[in-house]
Amino acid sequence: EIVLTQSPATLSLSPGDSATLSCTANESVTTYLAWYQQKPGQAPRLLIHDASSRATGTPPRFRGRGSGTDFTLTISSLEPEDFAIYYCQQRATWPPETTFGHGTKLE
Amino acid sequence: QVQLQQSGPGLVKPSQTLSLTCAISGELVSSNTAAWNWIRQSPSRGLEWLGTTFYRSKWYYEYAASVKGRIAINPETSKNHVSLQLVSVTPEDTAVYYCARAPLYYDYLWETYRAGAFDPWGQGTPVTVSS
């Protein structure tokens, strides 16, 4: 099973700051990696797919990079609505297996 | 624009069957460019993909090893929905359950079907397994 490790677990920043979130896989997932944002009481929302492609409606301040085992999500100039939990997900082995990281809480 | 609307009970007794439905609007469940998934989320297990179904001349099904043997995902073309059944539930199956769409395509290099990221998601159904 491909395990995704996200760091840090919690990131404490202020509006206007830049955030860098990390996702590391224990084996290569090429660029089959997605990022999701989840707010309390809501379903996750797709932000980035295939490592660096923004989903429809994702603001340009969200940027995904990486390939192989190391990926980052950078959010420049944080807006108040960006404070949430962010998850990465790999689909390199899907079907039949896809896995998620345990999340980074941006507070 | 695809929208997913979930329904089903929020409380299930141990050893009984959890049944949820995901009504699809904006696309046919039998679309050959979509895979329909169930995912759950709990504090102990995080986000956990449970299974998928998709149609390419016939129906395909894939299930996570953690629930294989207890799970069934069934498309219902007449109602344009997809259902989840999880039998013999225990308190460990307590979670928020989501349905989600993934775009489907054929990877000619690897000669296999692949699906993209999950988008959109249903609103989620909190399910508690308790007597």
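Report follows, based on the coordinates.

1. Regarding the overall build of chain A
And then number 1: Helices and strands together make up the secondary structure of chain A, namely 0 helices and 11 strands.
And then number 2: Helices and strands in chain A line up, N terminus first, as β-β-β-β-β-β-β-β-β-β-β.
And then number 3: Taking 2.2 N^0.38 as the reference for a compact globule, 107 residues should give roughly 13 Å; the C-alpha atoms of chain A span a radius of gyration of 13 Å, in line with that estimate.
And then number 4: Considering only C-alpha atoms, chain A reaches an extent of 40 × 25 × 25 Å along its principal axes.

2. Things to note about the pairing of strand β1 (residues 3-7) of chain B
All names here are of chain B.
And then number 1: Burial along β1 is one-sided: Leu4 and Gln6 are buried, and none of Gln3, Gln5 and Ser7, which face the opposite way, are.
And then number 2: Inspection of the sheet shows β1 paired to strand β3 (residues 18-25) by 5 bridges, in the antiparallel sense. Each residue of the ladder has a partner; that of Gln6, found in β3, is Cys22.

3. A short note on the pairing of strand β5 (residues 45-49) of chain A
All names here are of chain A.
And then number 1: Pairing of strand β4 (residues 33-38) with β5, which is carried by 3 bridges, proceeds in the antiparallel orientation. What sits directly across from Gln37, in β5, is Arg45.
And then number 2: What sits between β4 and β5 in their antiparallel hairpin is a turn of 6 residues, with Gly41 showing a positive phi close to 75 degrees.
And then number 3: As defined by bridge partners, β5 adjoins strand β6 (residues 53-54) across 2 bridges and the pair is classed as antiparallel. Bridge pairing in β6 links His49 to Ser53.
And then number 4: If you look at the hairpin formed by β5 and β6, you'll find 3 residues sitting between the two strands, and Asp50 has a positive phi there, around 50 degrees.

4. Considering the packing of aromatic side chains
All names here are of chain B.
And then number 1: For the coordinates displayed, the defined rule picks out 13 aromatic pairs over all chains.
And then number 2: Taking 6.1 Å as the distance between ring centres and 80 degrees as the angle between the ring planes, the aromatic pair formed by Phe118 and Trp121 counts as edge-to-face.
And then number 3: With a relative accessible area of 9%, Trp121 lands in the buried category.

5. Comments concerning the sheet that holds β3 of chain B
Residue and element names in this part refer to chain B.
And then number 1: Across the sheet, 4 strands lie side by side as β1-β3-β8-β7; this open sheet has antiparallel pairing. The open sheet has two free edges, formed respectively by β1 and β7 (71-76), since each of these has just one partner strand. Strand-to-strand twist in this sheet, taken as the mean axis angle between neighbours without regard to direction, amounts to 20 degrees.
And then number 2: Sheet analysis places β7 next to strand β8 (residues 81-86), joined by 6 bridges and oriented antiparallel.

6. Details of the interface of chain A and chain B
And then number 1: Each partner contributes residues to the interface: chain A has 20 residues there, and chain B has 21 residues.
And then number 2: Of the roughly 1800 Å² buried between chain A and chain B on both sides combined, carbon and sulfur atoms contribute 61%.
And then number 3: Summed over the three residues of chain A that lose the most area to chain B, namely Arg91, Trp94 and Phe100 of chain A, the buried surface amounts to 35% of that side.
And then number 4: At the junction of chain A and chain B, the tally comes to 0 salt bridges.
And then number 5: For the pair chain A and chain B, the number of links is 7 residue pairs in polar contact (both at pLDDT 80 or more).
And then number 6: A per-element tally of the side of chain A that touches chain B places β4 of chain A first, with 3 residues.
And then number 7: The residue inventory of the side of chain A that touches chain B, partitioned by class, reads 12 nonpolar, 6 polar and 2 charged.

Cut-offs applied
Residues numbered from 1 in each chain as written. Chains lettered and ligands numbered in written order. Predicted model: local features only at pLDDT ≥ 70, side-chain atom pairs only at ≥ 80, totals over all residues. Heavy atoms only, no water. Helix = DSSP H or I, 4+ residues; strand = E, 2+ residues; numbered from the N terminus. Rg over C-alpha atoms; globule rule 2.2 N^0.38 Å. Buried < 20%, exposed > 50% of the residue type's maximum accessible area, 1.4 Å probe, protein only. Pairing = 2+ DSSP bridges. Phe/Tyr/Trp six-rings, centres within 6.5 Å; stacked < 30°, edge-to-face > 60°. Axes fitted to C-alpha atoms, helices over the stretch in contact; angles between N-to-C directions. Contact = heavy atoms within 4.5 Å. Buried area = accessible area lost by both parts, 1.4 Å probe. Salt bridge = Lys/Arg side-chain N within 4 Å of Asp/Glu carboxyl O. Polar contact = N/O pair within 3.5 Å; in protein donor to acceptor, adjacent residues only side chain to side chain. Nonpolar A, V, L, I, M, F, W, Y, C, P; charged D, E, K, R; others polar.

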